[in-house]
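Report on the structure
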Amino acid sequence: MSNEISKFTDPGLPEHVHRRADSDPKAAKRAEQQVAILFLLSAAGTVLTIYAYIFMKSNTFIFLPVLGDTNAQQLALGVGLALSLFFIGMAAVHWAKTLMPDTEVIAERHEFRSEDVDRADFVATVKEQGGSAGLGRRTLIKRTMGLSLGLLGLAPLVLLRDLGPMPKKYFNTTDWKSGTRLVTDPGDRPIKPEDLEVGAVAQVLPELTSGTERTLENIGKDAVLLIRLRPEDFNLDAERLSWTHEGIIAFSKICSHMGCAVALYEQQTKHLLCPCHQSTFDVTRAAKVIFGPAARPLPQLAITVDADGFLVAQKPFTEPIGPSFWERSS
Amino acid sequence: MSVKDRAVGGLANYVDERTGAAKWLKKNLTKVFPDHWSFMLGEIALYSFIILLLTGTFLTFWFDPSQREVIYNGNYAPLSQVHMSAAYASTLRISFEVRGGLLMRQIHHWAALIFMAAIVVHLLRVFFTGAFRKPREFNWLIGVGLLTLGIVEGFLGYSLPDDLLSGTGIRIAEAILQAIPVVGSYLAFFAFGGPFPGTAFIPRIYTVHVLLLPGIFLGLITIHLMLVWYQKHTQYPGPGRTEKNVVGYPLMPVYMAKAGGFFFIVFGVTAFLGAVASINPIWLYGPYTPGQISAGSQPDWYMGWLDGLVRMSPPLETHAFGHTISWNILIPGLILPGILFTGMALYPFIESWMTGDKREHHLLDRPRNAPNRTALGVMSLTFMIISLINGGNDVIATHFHLTINQIMWFTRFGLFLLPPIAFVVTKRICLSLQRADRELVLHGRETGRLLMLPHGEFVEVHEPISPEKAWTLTQHLQPEALTVAPDDLNGVRNPAGLKGKIRARFSMAHAEQIAAPTAKEKNEIEGGHH
């Protein structure tokens with residue numbers, strides 16, 4: 001390599017430059033005092049912390065520019081703690097930089113590779129000890145050992161089986177049945193079409209049968225969004241149009257992408273937007289995906305009214321709601 | 001001997017007779033550490049970890065990791081009588097009733113953000129200076145492991161309060177599990193103990209967050225530091241610094257004081273942030289319910305790139321033979337991150353293969369002197385930053401009056417177009433900087449002083465640089481491209497074959513550089529016209 005030959009020469013470590021505190025006792029004394037002051041500031045910070053903890057009221061709020069209304073006790077505790085920690089650090093660093101020896105030291109490195117003799121010895125030892133255990137010859141032991149260790153590896157998998165039940169048909173079904181009333185969430189009141197004005201949105205759930213309670217799991221798959229448009233706004237085929245009632249259309253609120261609640265409705269454009277990943281669905285075209293990563297429309301729930309004039313589901317969802325899964329067939 | 005000396009001597013004797021520690025300590029207390037600001041980045045990560053352990057332990061004294069439903073009747077009036085999980089209620093209690101509780105929560109969260117940021121910046125420093133090269137490949141692998149676990153640990157941590165924002169994040173994690181082919185729905189049911197959300201996940205992730213992962217962290221960090229200790233720290237090139245030595249300050253007392261002091265400074269700054277800068281105000285979000293959501297749902301920053309990739313994914317799903325594969329989740333959520341992190345972990349081995357360099361390296365590279373590596377790093381960073389930008393597309397849209405469409409399409413194209421551009425530009429900049437170094441060494445520093453020559457020509461006076469500087473700029477070894485033996489005359493293919501050719505091509509890219517000036521060249525110039 002040619003550049004090795006005519007390299008510049010390494011001038012070596014530059015000469016050590018003394019600091020003022022090294023030669024001037026006055027400067028050293030000043031540095032010592034500065035360190036002491038920093039330690040004292042830290043002590044003051046701790047005193048502030050203890051004072052705030054014991055003597056300040058926990059419900060006093062003070063207004064500070066930028067920060068706004070701030071809990072005075074939390075602020076004093078925090079600032080006191082911050083000061084006490086910070087100044088200890090500053091004192092130690094200042095001490096090190098001004099008063100501790102600052103001559104650079106050179107230490108030699110050693111190569112990590114072992115000596116050839118040691119390596120050879122190591123290999124010989126392994127061979128000899130392994131040979132004396134008969135690892136090379138006793139294939140029966142070797143094979144059965146492999147089998148037993150391999151099988152043992154399965155044990156944790158089996159033991160973790162009871163973490164949860166089998167999913168069975170869970171992902172394919174919801175609690176919406178033919179004739180289930182739509183009730184408000186919150187409130188659990190059945191609703192009539194005239195409760196919703198044109199342009200209004202409401203979150204509904206299936207009415208509870210007596211003796212049951214609503215869990216978060218139910219909400220996570222049953223939540224439905226009702227939106228009322230003018231009937232002429234729809235751009236639906238005959239079947240989907242028959243699933244609406246007087247301009248009211250119902251969609252699963254659980255995003256078909258990753259299951260977030262599709263909660264943002266823009267009245268002007270009649271778009272539903274999922275705040276997690278911005279999948280956007282066009283309400284007038286049966287929640288067709290018009291933007292974002294979602295690959296499927298939100299499932300539409302067929303609705304109508306019952307004999308008492310309350311909104312009910314015509315039939316269950318015709319497809320699984322929520323994000324995709326392996327067993328999903330469409 | 002004074003009383004104090006005798007007491008100290010007695011104690012030291014007592015310990016040494018039982019451990020033989022004196023010999024080890026004698027050797028290691030004078031251990032030399034080189035000094036550079038960029039070596040403090042890893043320290044910040046370490047100290048943040050200690051802060052996390054301390055504040056985290058404090059929080060466990062009051063946090064109730066349970067999804068049992070309770071009715072809130074604490075100090076925070078807006079949520080009075082609201083049904084919520086015990087986890088959420090106890091987080092409210094820590095925030096409003098435990099003195100210093102909110103402070104500790106906020107310090108804990110800030111420390112987590114700083115921990116991750118410090119790991120990333122430390123990783124970049126190690127990458128761009130080539131500190132991962134032999135013999136430090138193991139420590140690079142441990143570092144990548146710590147980064148990966150840190151992302152998981154952070155995500156689990158901010159999921160614990162069971163508020164509306166964190167529950168939404170867990171919902172997305174469940175959807176990723178559910179999307180895994182064949183076993184997805186089973187994995188989701190096992191992880192959540194049944195249907196989402198269930199009442200199992202908070203206690204489970206609590207154990208993982210406070211016991212399992214911190215334990216693994218402790219083990220990995222210990223090995224990481226022991227290797228640094230044993231292999232001795234790398235150092236930047238400079239006069240007197242060689243591959244065979246390490247130049248710096250001894251551990252006792254200077255480094256102990258500086259590093260110990262720096263711990264307190266990091267803790268102090270984090271505590272200050274916790275005191276004045278509100279973070280994750282969970283009382284504003286309300287308890288989690290799957291039917292609700294808040295606009296502008298954002299993960300913490302170190303998850304943002306992942307969310308950004310998911311957001312920009314095209315709506316691709318395959319439906320066939322009664323099964324569904326969600327490419328729109330699998331590619332951005334699992335496959336791409338898997339490739340990125342595997343590539344990052346293997347990079348030291350890939351580079352060593354490409355360059356054929358099997359030597360030990362203890363002197364760091366100046367990034368410009370490894371143009372190809374630096375360009376690869378900036379390329380990857382560009383990819384991550386574009387993903388991160390899209391992860392905040394809703395916030396960016398409202399702040400800069402853009403539409404989400406514009407940002408999404410910019411990042412969709414940008415993800416493929418900008419990284420290669422960043423590669424080329426970075427490589428050119430590195431080569432230009434090499435040229436500037438060469439110019440500086442051979443012709444000296446531009447002084448800005450103009451001189452009029454007798455015949456009227458103006459020239460700028462150049463001042464030669466110091467021998468120290470000249471050495472620093474020229475000491476590096478310049479790699480040479482590997483050559484492939486051509487097919488022999490009888491048409492027998494070179495055994496290295498296609499693999500050898502690819503390797504030679506990569507090695508050529510790595511060896512592209514401006515020849516470093518030599519002493520001979522400088523002598524010629526000086527002996528000549530000037």
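All of these numbers come straight from a predicted model, not from anything done at the bench.

In terms of nonpolar packing, the biggest core is built from 154 residues, with A:C260, A:V262, A:L301, A:I303 and B:F115 touching the most fellow members. If we skip the residues at most four places from it in the chain, A:I303 touches A:L182, A:W243, A:H245, A:I248, A:A250, A:L311, A:V312, A:A313 and A:Q314. Membership of the second largest hydrophobic core comes to five residues, among which are B:A375, B:L376, B:A422 and B:C430.

Residue and element names in this part refer to chain B. Mapped onto the elements, Q106 comes out in helix 5 (residues 101–128). Separated by 174 residues in the primary sequence, Q106 and N280 place their C-alpha atoms 7.8 Å from one another. Beyond its immediate stretch of four places on either side in the chain, Q106 contacts G274 and I279.

What follows deals with the sheet that holds strand 11 (residues 288–291) of chain A. Two strands in a sheet stick together by hydrogen bonds in their backbones, pointing the same way (parallel) or opposite ways (antiparallel). All names here are of chain A. Read across the sheet, four strands follow the order 8-9-10-11 without closing on themselves; strand pairing throughout is antiparallel. Of all strands in the sheet, those with a lone pairing partner are strand 8 (264–266) and strand 11, marking the two edges. Neighbour-to-neighbour, the strand axes of this sheet turn through a mean angle of 30 degrees, independent of strand direction.

Attention now moves to the interface of chain B and chain A. The interface of chain B with chain A comprises 92 residues on the first partner and 79 residues on the second. Here the element with the most residues in the side of chain B that touches chain A is helix 10 (residues 251–276) of chain B; it accounts for 18 residues. For the side of chain B that touches chain A, the class distribution of residues is 47 nonpolar, 33 polar and 12 charged. Strand direction decides the pairing type here: strand 3 (residues 105–108) of chain A and strand 4 (residues 245–250) of chain B, joined by four bridges, are antiparallel. Counted as the bridge partner of A:I106 is B:V247 from strand 4 of chain B.

Here we come to the confidence of the model for chain A. Overall, the prediction assigns chain A a mean pLDDT of 91, with 98% of residues at 70 or greater. Here helix 1 (residues 2–5) of chain A stands out as the least confident element of chain A, with mean pLDDT 47; strand 12 (residues 300–301) of chain A is the most confident, with 96.

What follows deals with the sheet that holds strand 6 (residues 224–228) of chain A. All names here are of chain A. Sheet architecture is open: five strands sit in the order 4-5-6-7-12, paired in antiparallel fashion. The strands lining the two open edges of the sheet, one partner per strand, are strand 4 (182–184) and strand 12. Pairing of strand 5 (residues 201–206) with strand 6 involves four bridges; the strand directions are antiparallel. Bridge pairing in strand 6 places A202 opposite L226.

Further remarks concern the pairing of strand 1 (residues 61–64) of chain A. Here four bridges tie strand 1 of chain A to strand 2 (residues 68–71) of chain A, and the two strands are oriented antiparallel to one another. Among the inter-strand pairings, A:I62 is bridged to a residue of strand 2 of chain A, identified as A:T70.

Calculation rules
- Residues numbered from 1 in each chain as written.
- Chains lettered and ligands numbered in written order.
- Predicted model: local features only at pLDDT ≥ 70, side-chain atom pairs only at ≥ 80, totals over all residues.
- Core = buried A, V, L, I, M, F, W, Y, C linked by C-beta atoms within 7 Å.
- Buried ≥ 20, exposed ≤ 12 C-beta atoms within 10 Å, placed from the backbone.
- Contact = placed C-beta atoms within 7 Å.
- Helix = DSSP H or I, 4+ residues; strand = E, 2+ residues; numbered from the N terminus.
- Pairing = 2+ DSSP bridges.
- Axes fitted to C-alpha atoms, helices over the stretch in contact; angles between N-to-C directions.
- Nonpolar A, V, L, I, M, F, W, Y, C, P; charged D, E, K, R; others polar.
- pLDDT = per-residue confidence, 0-100.

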